[in-house]
Structure formats: C-alpha cells, structure tokens
Amino acid sequence: MTISVGDKLPDVKLVKATQEGPEAVQSTDYFAGKRVALFSVPGAFTPTCSAKHLPGFVEKAAELKAKGIDEIACTAVNDPFVMKAWGAASGSADVTMLADGNGDFAKAVGLTMDGSGFGLGTRGQRFSMVVNDGVVEQLNVEAPGDFKVSSAEHMLEQL
C-alpha cells in the first residue's frame, strides 16, 4: 500500500552519506522533530536525476528553508558510497544524501518501480514529500517517465 498524506513514515534503516563515511540512521529518528523536504530519484548519476532533480533542490535550497523547511534530503536505491560521490559531484551541503541500498524505504512507503528493462532492478519511484515530525504533509508522485510534480519548484508552490 502506498503511503498517503497524514501517514507516519515507517521505521526503516537508511544510510546517511557523510564525509566520515556511511552512518546508519533509522527513519523515525532522522525525521523526528523537523520539517524535511525529501525527494526520491530512481538512481544517482542517471540523466533526469542529475540534470534536473538534484540540481533543482540545490538551487532552491535557500527558498525552501525560507518557507519553513529545516532540512532537504535525497534518497535513492543506491549504496552510500555512490550517494556520497553523487552529492560531491552534483549536490551541495544543503542536501543530505540518504542511501536506501536494499530498497527497504521505497518498499515500506509503497513507492517502488521496476527498472529491470534498463538493467536497474527494483528502484524507488521519482517522488517528493514534505515530512513534518515523521508525518507526511505533502506527497508528489510522478507518473512513469515524468518530471513535474516532484520538482523543487513544484514543492515551493505548495509551501
């Protein structure tokens, strides 16, 4: 079942990509007590994700924070080393990279996709959400192949 607005995020392990190396975090702990703009991409270093999705949140970070967002996070079904490298290559210190290497978070929120036709296996769908103290405040799930409603620009319009 897909998560909905008003639902509490499930408690699963994610791995935060830090300068010191991978740091395991529980989702309930990570999202507790703050308002987080979370976006999910099918894969680090993939075309739309690298050309539009991550850069949009990097570019709009100050505006999102001015509208009450405490932290911006990106998740993907990639390992923490790939997420760290992608963040270093394309991101900024304003975006926390959260690796969902086994896809546990994507499965738990009901937002997986089959990327096996591209050699990607099961991945997380492209989406964004605002999470307020662990509860989904906004949810924007893209149609397959689209990049519209999960963008930083769209989120700014909603805040």
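Check the entry above for the structure.
Residues numbered from 1 in each chain as written. Predicted model: local features only at pLDDT ≥ 70, side-chain atom pairs only at ≥ 80, totals over all residues. Heavy atoms only, no water.

To continue, consider the overall build of the protein. Per the secondary structure count, the protein includes six helices and nine strands. Overall, the C-alpha framework of the protein stretches about 40 × 35 × 30 Å when taken along its three principal axes. When burial is assessed residue by residue, the protein has 47% of its 159 residues classed as buried. Across the protein, every contact between residues at least 6 apart in sequence was considered, and the portion connecting residues at least 24 apart equals 62%. Carbon and sulfur atoms make up 51% of the accessible area of the protein, which totals about 7,200 Å². For the protein, the separation between the mean place of its 14 positive charges and that of its 20 negative charges on side chains is 2 Å. (Helix = DSSP H or I, 4+ residues; strand = E, 2+ residues; numbered from the N terminus. Buried < 20%, exposed > 50% of the residue type's maximum accessible area, 1.4 Å probe, protein only. Contact = heavy atoms within 4.5 Å. Areas by Shrake-Rupley, 256 points an atom, 1.4 Å probe, with all protein chains shown as cover. Lys, Arg positive; Asp, Glu negative; His and termini not counted. Charge placed at Lys NZ, Arg CZ, Asp CG, Glu CD.)

What follows is about the nonpolar core. Grouped burial of nonpolar side chains is what soluble globular proteins tend to show. Phe39, Ile72, Cys74, Met83, Trp86 and Met97 are the most contacted members of the largest nonpolar core, which has 24 residues in total. Elements with a minimum of two residues in this core: strand E1 (13-18), strand E3 (35-40), helix H2 (47-59), helix H3 (61-66), strand E4 (71-76), helix H4 (80-90), strand E5 (95-99) and helix H6 (152-158). Excluding anything up to four places from it in sequence, cysteine 74 contacts Leu38, Phe39, Val41, Met83, Trp86, Val95, Thr96, Met97 and Leu98. (Core = buried A, V, L, I, M, F, W, Y, C linked by side-chain atoms within 4.5 Å.)

The next thing to look at is the pairing of strand E2 (residues 21-26). Sheet analysis places E1 next to E2, joined by six bridges and oriented antiparallel. By the bridge assignment for E2, threonine 18 is matched with glycine 21. The hairpin formed by E1 and E2 contains two residues between the paired strands. (Pairing = 2+ DSSP bridges.)

The next point concerns the sheet that holds strand E9 (residues 135-141). In spatial order, the strands read E2-E1-E5-E4-E3-E8-E9; together these seven strands make up an open sheet with mixed pairing. The two strands at the open ends of the sheet, each matched to only one other strand, are E2 and E9. Neighbour-to-neighbour, the strand axes of this sheet turn through a mean angle of 30 degrees, independent of strand direction. With two bridges joining them, E1 and E5 adopt antiparallel strand pairing. Bridge pairing in E5 links valine 15 to alanine 99. Each of E1, E2, E4 and E5 is contacted by H4, which is oriented at about 160 degrees to E5, the strand it contacts most. (Axes fitted to C-alpha atoms, helices over the stretch in contact; angles between N-to-C directions.)

Another point: the environment of leucine 139. As for its placement among the helices and strands, leucine 139 is situated in strand E9. Separated by 11 residues in the primary sequence, leucine 139 and serine 150 place their C-alpha atoms 8.5 Å from one another. The contact partners of leucine 139, leaving out residues within four places of it in the chain, are Ile3, Ser4, Val5, Leu111, Phe127, Ser128 and Met129.

Here the focus is the packing of aromatic side chains. Taken as a whole and assessed by the stated rule, the structure comprises three aromatic pairs. Ring centres of phenylalanine 45 and tryptophan 86 lie 6.4 Å apart, and the angle between their planes is 55 degrees; on these two criteria the pair is classed as tilted. You can see phenylalanine 45 sitting in the loop between E3 and H2 and its partner tryptophan 86 sitting in helix H4, a full 41 residues away along the chain. Given the relative accessible area of 46%, phenylalanine 45 is considered partly exposed. Its relative accessible area of 0% is what places tryptophan 86 among the buried residues. In this arrangement the basic side chain of lysine 34 is found over the ring face of tyrosine 30, its NZ or CZ atom lying 4.2 Å from the centre. (Phe/Tyr/Trp six-rings, centres within 6.5 Å; stacked < 30°, edge-to-face > 60°. Lys NZ or Arg CZ within 6 Å of the ring centre and 35° of its normal.)

This brings us to the environment of valine 77. Looking at the secondary structure, you find valine 77 in the loop between E4 and H4. Ignoring sequence-local partners within four residues, the contact set of valine 77 consists of Asp100, Gly101, Gly103, Ala106, Thr122, Arg123 and Gly124.

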